[in-house]
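Given next are the chains, with one letter for each unit.
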Amino acid sequence: MSQIETNGASLQDINGTQRLPARLSLTQVETYRREGYLIVPEPVLPDDAFARLCRTFESILADLPEDKRPEDLDVPHLVHPELFEFLFHPSVLSLVTPFLGNDVALFSSHFICKPAADGKRVPWHQDSFYWRHLLSPMEVVTVWLAIDPSDDGNGAMRVVPRTHTNGDVGYEDADLTINTFPKEISRRYLDEAEARAVTCTLLPNHASLHDAVLFHGSEANRSARRRCGYTMRFISAATKYNAEAGNYHQIYLAHGQDRAGNRYGDPNVPRPDLIEARAHRIRRGH
């Protein structure tokens with residue numbers, strides 16, 4: 001039995017069969033399904049929990065090697081088990097259960113921190129482009145939780161509504177000197193789409209949700225302000241995870257029961273071996 005505590009409830013409770021309290025309205029659920037994204041304009045975590053998350057992030061950032069970019073703090077939960085307090089928090093999970101059901105697994109997480117003045121651009125992409133070999137079906141809900149204020153001035157995420165129904169599209173090379181990863185949706189798909197893009201403007205502890213197939217990206221941060229968000233990526237526990245990826249990645253049961261015969265990690269056990277294995281892979285994106 002895990003000893004991780006989450007807002008007074010043990011992980012044993014969170015992995016039980018009870019349903020999480022409803023958090024989103026029917027209108028919000030319908031908006032997400034129609035548009036492929038949703039802005040949650042209210043605090044997600046309780047104030048004390050959000051303060052702990054911010055302190056944890058600042059500690060991780062302070063220990064970042066000089067040769068590593070802050071935009072690339074991918075899968076930090078693999079070596080910082082204290083992050084599961086927030087990843088498995090009922091206030092977070094209640095945002096995704098309306099779409100994934102009561103049985104939910106954590107697929108991944110990522111601090112995307114754009115430093116002031118030279119924060120890199122995130123090219124237009126679909127998360128599904130990088131995960132097609134890992135998940136079946138491709139149904140992922142990402143909670144993008146703002147650590148800092150996020151707006152047009154400091155490179156906030158932008159999304160193209162309703163592109164989550166587009167399916168797979170083509171990609172072309174992107175310049176890694178200015179972009180966070182080396183592929184971008186081909187221009188022939190973007191010419192019309194970019195004109196419809198909207199900015200996910202967020203206050204700290206507010207969040208946006210987006211579908212894995214939705215077109216999204218963000219501009220470089222040339223402002224005097226940092227822009228950081230914590231992406232928490234969830235799948236249904238009925239989604240089949242490709243276990244062949246187990247030598248460099250791990251999923252975790254967050255709530256309910258397994259429905260696909262997946263093997264889940266122990267959130268109390270750090271996995272620096274997986275971080276090392278990932279370091280030797282060619283970075284393709286998320």
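Below is a short write-up of the structure. Note that the structure is predicted; figures quoted are calculated from it, not measured.

Examining the sheet that holds strand β6 (residues 122-125)
Move 1: The antiparallel open sheet is built from four strands, whose spatial order is β6-β14-β9-β12. Across the chains shown, the open sheet's two edge strands, defined by having one partner strand only, are β6 and β12 (198-199).

Here's the deal with unusual backbone geometry
Move 1: Here the amide bond leading from Ser136 into Pro137 is cis, since omega sits at 0°, within 30 degrees of zero.
Move 2: Its place among the elements puts Pro137 in the loop between β7 (135-136) and β8 (140-146).
Move 3: Phi at Ala117 is positive, roughly 80°, even though this residue is not glycine.
Move 4: If you check the backbone angles, Asn205 has positive phi at about 75° while not being a glycine.
Move 5: Relative to the assigned elements, Asn205 resides in the loop between β12 and β13 (207-211).
Move 6: For Asn205, a relative accessible area of 4% translates into the label buried.

A short note on the pairing of β8
Move 1: The element β8 is largely enclosed, with a buried count of seven among its seven residues.
Move 2: As judged from the seven bridges shared by β8 and strand β15 (residues 227-236), these two strands associate in the antiparallel manner. Bridge pairing links Ala146 to Gly229 in β15.
Move 3: Looking at chain direction, β8 and β13 are connected through five bridges and run antiparallel. For Thr142, the partnering residue across the bridge sits in β13 and is His210.

Points about the pattern of salt bridges
Move 1: On inspection of all chains with the given rule, the structure shows 20 salt bridges.
Move 2: Through salt bridges with shared partners, one network takes in Arg34, Glu35 and Arg162.

Focus: the side chain of Arg233
Move 1: Along the chain, the position of Arg233 falls in strand β15.
Move 2: Polar side-chain contacts of Arg233 include one of 3.3 Å to the side chain of Asp127.

Section: the packing of aromatic side chains
Move 1: For the structure on display, the rule yields nine aromatic pairs.
Move 2: With centroids separated by 5.0 Å and ring planes inclined at 75°, the aromatic side chains of Phe107 and Trp131 adopt a geometry described as edge-to-face. Residue Phe107 is found in strand β5 (residues 104-114), and its partner Trp131 is found in helix α6 (residues 128-131); the two are separated by 24 residues along the sequence.
Move 3: Assessed through its relative accessible area of 2%, Phe107 is described here as buried.
Move 4: Grouped by ring-pair contacts, the aromatic residues Phe129, Tyr130, Tyr171 and Phe181 constitute a single cluster.

Things to note about the side chain of Ser186
Move 1: Note that Ser186 resides in the loop between β11 (183-185) and α7 (187-193).
Move 2: By relative accessible area, which is 4% here, Ser186 ends up buried.

Focus: helix α5 (residues 90-100)
Move 1: In terms of burial, α5 is largely enclosed, as 10 of its 11 residues are buried.
Move 2: Looking at α5, one finds that the buried residues are Pro90, Ser91, Val92, Leu93, Ser94, Leu95, Val96, Thr97, Phe99 and Leu100.

Structural notes on the environment of Asp47
Move 1: The residue Asp47 is located in helix α3 (residues 47-62) in this model.
Move 2: By relative accessible area, which is 64% here, Asp47 ends up exposed.
Move 3: C-alpha separation for the pair Asp47 and Leu93, spaced 46 residues apart in sequence, amounts to 17 Å.

A word on the state of the cysteines
Move 1: According to the stated counting rule, one finds zero disulfides in the structure shown.
Move 2: The cysteine Cys113 is free of any disulfide, with Cys228 supplying the nearest cysteine sulfur at 4.4 Å.
Move 3: Of the cysteine sulfurs around Cys200, a residue in no disulfide, the closest is that of Cys228, at 16 Å.

Describing the environment of Val40
Move 1: Structurally, Val40 can be placed in strand β3 (residues 37-40).
Move 2: On the basis of relative accessibility, which here comes to 1%, the residue Val40 falls in the buried class.
Move 3: For Val40 and Arg225, which are 185 residues apart along the polypeptide, the C-alpha to C-alpha distance reads 22 Å.
Move 4: The contact partners of Val40, leaving out residues within four places of it in the chain, are Leu95, His206, Ala207 and Leu209.

Calculation criteria
Residues numbered from 1 in each chain as written. Predicted model: local features only at pLDDT ≥ 70, side-chain atom pairs only at ≥ 80, totals over all residues. Heavy atoms only, no water. Pairing = 2+ DSSP bridges. Helix = DSSP H or I, 4+ residues; strand = E, 2+ residues; numbered from the N terminus. Buried < 20%, exposed > 50% of the residue type's maximum accessible area, 1.4 Å probe, protein only. Salt bridge = Lys/Arg side-chain N within 4 Å of Asp/Glu carboxyl O. Polar contact = N/O pair within 3.5 Å; in protein donor to acceptor, adjacent residues only side chain to side chain. Phe/Tyr/Trp six-rings, centres within 6.5 Å; stacked < 30°, edge-to-face > 60°. Disulfide = S-S within 2.5 Å. Contact = heavy atoms within 4.5 Å.

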